[in-house]
Amino acid sequence: MAVQTAETAANSTDATVDLGPAAALSCRECGHKVPLGPVFACEECFGPLEIAYDFSGHDTEELRKRIEAGPANIWRYAPLLPVPADVATKPNINPGWTKLVKADNLARELGVTGGLYVKDDSGNPTHSFKDRVVAQAIEAARAFGFTTLSCSSTGNLAGAVGAAAARAGFRSCVFIPHDLEQGKVVMAAVYGGELVGIEGNYDDVNRFCSELIGDPAGEGWGFVNVNLRPYYAEGSKTLAYEICEQLGWRLPDQIVVPIASGSQLTKIDKGLKELIQLGLVEDKPYKIFGAQAEGCSPVSTAFKAGHDVVRPQKPNTIAKSLAIGNPADGPYVLDIARRTGGAVEDVTDEQVVDAIKLLARTEGIFAETAGGVTVGVTKKLIENGVLDPSLTTVVLNTGDGLKTLDAVAGTGLTATIRPNLDSFREAGLA
Ligand SMILES: *Cc1c(COP(=O)(O)O)cnc(C)c1O
C-alpha cells in the first residue's frame, strides 16, 4: 500500500491550518509526532496516526459550562475535537446529541437492575452513527483544501459521505460492495454523488481504495476513512461525551459497542479517558465490551483464544455494516477489552434477528442488524455471567432498522380483513 507522508500528501503545505486544540498527529505504536495534515501512517514505523491534543490550561467548570451552553449536536464538544473554532457556522449535517433511552422494559426482560440505557444513534441525519465521523472528516477535508470526498464503505458510511458532501458542496465518489442491502444503496445514491459497486467484499473495496490513493487517479481526493482517518476517527469520541453528559456527567459502568473496523470502540475509550483527564467526570473504573456477528467475528475469536493478533476472516452474516473481515483496529480493541475488564463476544444471525425484535417490542426502537448484534451480545454476556446486571450499562444502537428490512422479512400483517366489524370479529381480533 502506498503510504502518504507529510511530504507527499496533497495540499498539506499550509502550515497554518488551525484545528482547535488538536496539536499534532501522534503514532499509536511508537509515539512519533508529525504536523497536522492528510496523513494516516507513521513515517518511522508505518503505525496508525491519531490526533494528539493540547488541553493544558483549561478550567474544568468553564469548559463544562461552555459545553452545556453549546448547540444540540456534536459541535457542543468542539473544544475537544480537531476542528476550526468557527466550525458551527459552516454547512455541515450537524449530527449527534441523539437520545439516551432509559430502557426499563428491556432491563426487566434481561434482568438488569443497575440501570440499562440504549444510546440510539439511528436518530442521526442519515440514520447511523457514521454521520459523527464524516462530520469531522469533512471539516478536516475543508481545512486541507480537498474538493472530492471518497470512502470505502459497508453501506452506512457511503450514505453519510453522500449527504455531508451534498450539504457542504463537495463532489463525492464512494465505493461499496456490490451486494449491499437495497436500503443502504438507495440511501447512498439519493444525495446525487457517484456510487460505485465493487465486485467483492468490504476488504476488497478497502484494498482497491488504498490502490487508488497511491495512483494519480485518486490524487487530491479525501478518503474519509483512509487519508483523513485520524480526523474521522475522533468523531466517535462524541458518543462517549454524550453518554456521560446525558448521565449527568457520570461514567457508565459498562458499555457494549459493535465492532466493524474497531475504530469506534477504541475512540469511545479515548473519549472516556479524556473526560477523566479533564476532570469532567469522576475517575472510576469502566468496562468496554465489543460485539460482533458470529459470521464475521475475527476479534471475538482472538479474544476468546487469548491471542494478541487478529486472524482475518471471510465475512458471511446479515450484519453487513459490521462485516469487516480484517479489522484495522482489532488488536487495539483486544487491549481495551482486556485492560478494562470487558470482553468481546459474538452472536448468530438468528440471535441478531431475535434481538432486533426484542428491542423493538420492549422499547419501540427499530435497530438495524448492528443494533441486533449489541443487544444480542448483551443478553448473551448476562446469561454467561460476564456482564454484571447490577451495574449501569449502556448498549449502542448505531443504525436504523429501515435500512435492513430484509433481516426481519418474516414480520408482517396480523390479518387481512374486509372493512366491516363482522370480518374483524371473524379474524379473532375483538
Ligand atoms: C460502521 C459501523 C459501526 C462500527 O464501525 P467501526 O469501523 O468499528 O468504527 C457500527 N455500527 C454501524 C451501523 C456502522 O455502520
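The structure displayed is predicted, hence computed values, not measured ones. (Residues numbered from 1 in each chain as written. Predicted model: local features only at pLDDT ≥ 70, side-chain atom pairs only at ≥ 80, totals over all residues. Heavy atoms only, no water.)

**With respect to helix α4 (residues 156–168)**
With 13 residues, α4 extends 18 Å from end C-alpha to end C-alpha; this agrees with the ideal 18 Å at 1.5 Å per step. Summarising burial for α4: 11 of the 13 residues are buried, a large majority. Of all the positions in α4, only Asn 156, Leu 157, Ala 158, Gly 159, Ala 160, Val 161, Gly 162, Ala 163, Ala 164, Ala 165 and Ala 168 are classed as buried. For α4, the secondary structure elements touched by its buried residues are α3 (130–144), β6 (148–152), β7 (171–177), α5 (182–189), β8 (194–198) and α7 (229–234). Looking one or two residues past α4, Gly 169 carries a phi angle of roughly 80 degrees, positive in sign. (Helix = DSSP H or I, 4+ residues; strand = E, 2+ residues; numbered from the N terminus. Expected span 1.5 Å × (residues − 1). Buried < 20%, exposed > 50% of the residue type's maximum accessible area, 1.4 Å probe, protein only. Contact = heavy atoms within 4.5 Å.)

**Focus on a nonpolar patch on the surface**
Together, Ile 417, Leu 421, Phe 424 and Leu 429 give the surface a local cluster of nonpolar side chains, amounting to about 340 Å² of exposed area. Following the sequence through the fold, Phe 424 ends up in helix α14 (residues 421–426). For Phe 424, a relative accessible area of 32% translates into the label partly exposed. (Patch = residues over 30% accessible without salt bridge, like charges linked within 9 Å, V, L, I, M, F, W, Y side chains within 5 Å. Areas by Shrake-Rupley, 256 points an atom, 1.4 Å probe, with all protein chains shown as cover. Salt bridge = Lys/Arg side-chain N within 4 Å of Asp/Glu carboxyl O.)

**Details of the packing of aromatic side chains**
With the rule as written, the count across this model stands at five aromatic pairs. With centroids separated by 5.1 Å and ring planes inclined at 50 degrees, the aromatic side chains of Tyr 77 and Tyr 241 adopt a geometry described as tilted. In this pair, Tyr 77 sits in the loop between α1 (60–68) and β4 (99–102) while Tyr 241 sits in helix α8 (residues 237–246), placing the two residues 164 residues apart along the sequence. For Tyr 77, a relative accessible area of 1% puts it in the buried group. Pairing Phe 175 with Phe 208 gives two aromatic rings, centres 5.1 Å apart and planes at 65 degrees, and the pair type is edge-to-face. Of this pair, Phe 175 sits in strand β7 while Phe 208 sits in helix α6 (residues 202–213), and the two are 33 residues apart along the sequence. In this arrangement the basic side chain of Arg 28 is found over the ring face of Tyr 332, its NZ or CZ atom lying 4.0 Å from the centre. Seen from the ring of Tyr 77, Arg 76 lies directly overhead, with NZ or CZ sitting 6.0 Å from the centre. (Phe/Tyr/Trp six-rings, centres within 6.5 Å; stacked < 30°, edge-to-face > 60°. Lys NZ or Arg CZ within 6 Å of the ring centre and 35° of its normal.)

**Section: the sheet that holds strand β5 (residues 116–120)**
Whenever strands of a sheet pair, they do so through backbone hydrogen bonds, lying parallel or antiparallel. Read across the open sheet, the six strands follow the order β4-β5-β13-β10-β11-β12; overall the sheet is mixed. Strands with a single pairing partner mark the edges of an open sheet, and in this sheet they are β4 and β12 (344–347). Each adjacent strand pair in this sheet contributes to an overall mean axis angle of 25 degrees, direction not counted. Alignment of strand β10 (residues 254–258) against strand β11 (residues 287–293), held across five bridges, turns out to be parallel. From the neighbouring strand, Val 257 faces β11, where its bridge partner is Gly 290. The strands touched by helix α10 (residues 298–305) are β11 and β12; relative to β12, the strand with the most contacts, the crossing angle is about 125 degrees. (Pairing = 2+ DSSP bridges. Axes fitted to C-alpha atoms, helices over the stretch in contact; angles between N-to-C directions.)

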